[in-house]
Amino acid sequence: MNKVKEENKILIMLAFFSISVGLWGNFRQLWLQDNNFAVTNISNILSIGTFISCVIIALIGKYVKLDKLKNMLVIVLIVKLINMIWLYILNHTMSMQLINFSIIIDIVTEYIIITSIYPLITTIVKTGTIYSKRRLTEYLFRDIGILFGGIFIGKSIAGLIVNYNVCLLIANIFLLFSFTVLLNIKVNNSTNNKHEDISLKNIFKDKILNLYSIYVLIGTIAMSTALGLKMLTLTNYFKFSDNVATNYLLIVGLLADIFGIIALKYLTPKNDYLTVTIKFGIRFLAYVIAFISNNMVISLIAITWSIFISTSYENICDAVYINRLENKYQLSFSNICHIIRFLGEAIGVYLCGLMYEIGLRYMLGLSALFMIAQISIAYYMIYLRKREKDLNRQKIQ
């Protein structure tokens, strides 16, 4: 029997973790609502948890070396396992402050793990393809977690009604599987993978990386402003049941994963401008039309397309920029990117909560405004990359 490659073990570990995130994360907003949290309170706590994640991930990027990354992940997974059990116990206790604190821990540990996966893989291999595989693995198995929730939520199994809290418990079981796989991963500690910090000054010296950082921030704000409270939007605005909302997200998510895989191999345009237009331009137009029309059907179509295209073309829109740096800077820069992304998410979810109270059209309309800047920067970065490539080709000649 062929030995499983270490990078594939990491992907297996990520797969179990993503199932857990899909199962619990899909119902976390509704779990909080079921525990008498208002929508604005939910958006605030999610924003605070995400913001705190930015600070902790920054510290990890500064002080944790690549050869210590696995050990850190072991500790973080243990904390998450214990905290999820504690959340299970806190259900319907009306202990609002304790729930707030535990939800923040849940978000922080989730984001630390997600942040650390790709740097861990780069100790073994680093390509645009493995970057896309890592992302697609996360998306695909997250949707499998959503599938489990959609199948079992509200059902009675051996006399036990599967509610949000039972889904939390099952998610913790998959988290335990992820922890078990992590313990059996052997990382590469060679000197070739030596970790060195990269400062913001180093990033700002590279105009493309500078622009990419802004692009990530604005793009994440745009995405989270529209979709930061998906389950609450679907159940309260569109009047979907939790089961229907879950199945909707599952079907669209799985179609997105399938299209993402096909697009990676067969449907990536040779023209990067066209790729960006497909990924972001159509979404922008859909949001604008939904805002102007104030029509629920059009709004649902816009949201559906946004989710559908979200996992595609990351080899063009992200990997080419992430991989500009040497391996020794990978953990530090990856953490910076995730900090920027999570900061954008914190801002976006907060804005989503504010717009949620005004109306669905304003969530999409405000997102479209941010997308104008996002698309403009994306086009400009492509121009700079092509010009850089032409200059390098001329130097060689």
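For the structure given in this document, a descriptive report is provided here. Each residue is numbered by its place in its chain's sequence as written, counting from 1. The predicted nature of this model means local features are confined to residues of pLDDT at least 70 and side-chain atom pairs, given and counted, to a pLDDT of 80 or more, with totals for whole chains, interfaces and linings taken over all residues. Side-chain figures throughout are based on the complete set of non-hydrogen atoms in the structure, without hydrogens or water.

Notes on the side chain of Asn165
Threshold: Helix and strand definitions here come from DSSP, where helices need a minimum of 4 consecutive H or I residues and strands a minimum of 2 consecutive E residues; each element is numbered from the N-terminal end. For the exposure calls, accessible area comes from a 1.4 Å probe over protein chains only, and a residue counts as buried if that area is under 20% of its type's maximum, exposed if over 50%, partly exposed in between. By the convention used here, residues are in contact when the closest approach between their heavy atoms is within 4.5 Å.
Position of Asn165 among the secondary structure elements: in helix H6 (residues 164–183). Judged by its relative accessible area of 8%, Asn165 is buried. If we skip the residues at most four places from it in the chain, Asn165 touches Trp31, Leu87, Tyr88 and Asn91.

Things to note about the side chain of Ser102
By the element assignment, Ser102 lies in helix H4 (residues 96–122). Apart from residues lying up to four places away in sequence, Ser102 is in contact with Asn83, Trp86, Leu87 and Leu90.

Some points on a nonpolar patch on the surface
Put simply, the rule reads: Here, patches come from residues exposed beyond 30% relative accessible area and free of salt bridges, joined within 9 Å for like charges and within 5 Å for nonpolar side chains (Val, Leu, Ile, Met, Phe, Trp, Tyr). Shrake-Rupley sampling with a 1.4 Å probe provides the accessible areas, and residues are treated as covered by the protein chains on show and by no other component. Salt bridge, as applied in this entry: a Lys or Arg side-chain nitrogen positioned within 4 Å of an Asp or Glu carboxyl oxygen.
Together, Ile48, Phe51, Ile52, Val55, Ile56, Leu59 and Tyr63 line one region of the surface with nonpolar side chains, adding up to about 640 Å² of accessible area. Mapped onto the fold, Phe51 is located in helix H2 (residues 39–63). Using a relative accessible area of 46% as the deciding quantity, one classes Phe51 as partly exposed.

Section: the pattern of salt bridges
Evaluated as defined, the whole model comprises six salt bridges. The closest approach of N and O atoms between Arg28 and Glu110, which form a salt bridge, is 3.3 Å. Placement of Arg28 in helix H1 (residues 6–34) and of Glu110 in helix H4 is noted, with a sequence separation of 82 residues between them. In this pair, the class of Arg28 matches that of Glu110, namely buried. Note that Arg142 is salt-bridged to Asp143, the shortest N-O span being 3.6 Å.

Remarks on unusual backbone geometry
Its identity is not glycine, yet Asn36 carries a phi of approximately 70°, on the positive side. Mapped onto the elements, Asn36 comes out in the loop between H1 and H2. Here His92, not a glycine, exhibits a phi torsion of approximately 60°, which is positive. Residue placement: His92 occurs in the loop between helix H3 (69–90) and H4.

Looking at the nonpolar core
As a reminder of what qualifies: Definition used in this section: a nonpolar core is a set of buried Ala, Val, Leu, Ile, Met, Phe, Trp, Tyr and Cys residues joined via side-chain atoms within 4.5 Å.
Trp31, Ile103, Tyr212 and Leu229 are the most contacted members of the largest nonpolar core, which has 115 residues in total. With 13 residues, the top contributor of residues to this core is H4.

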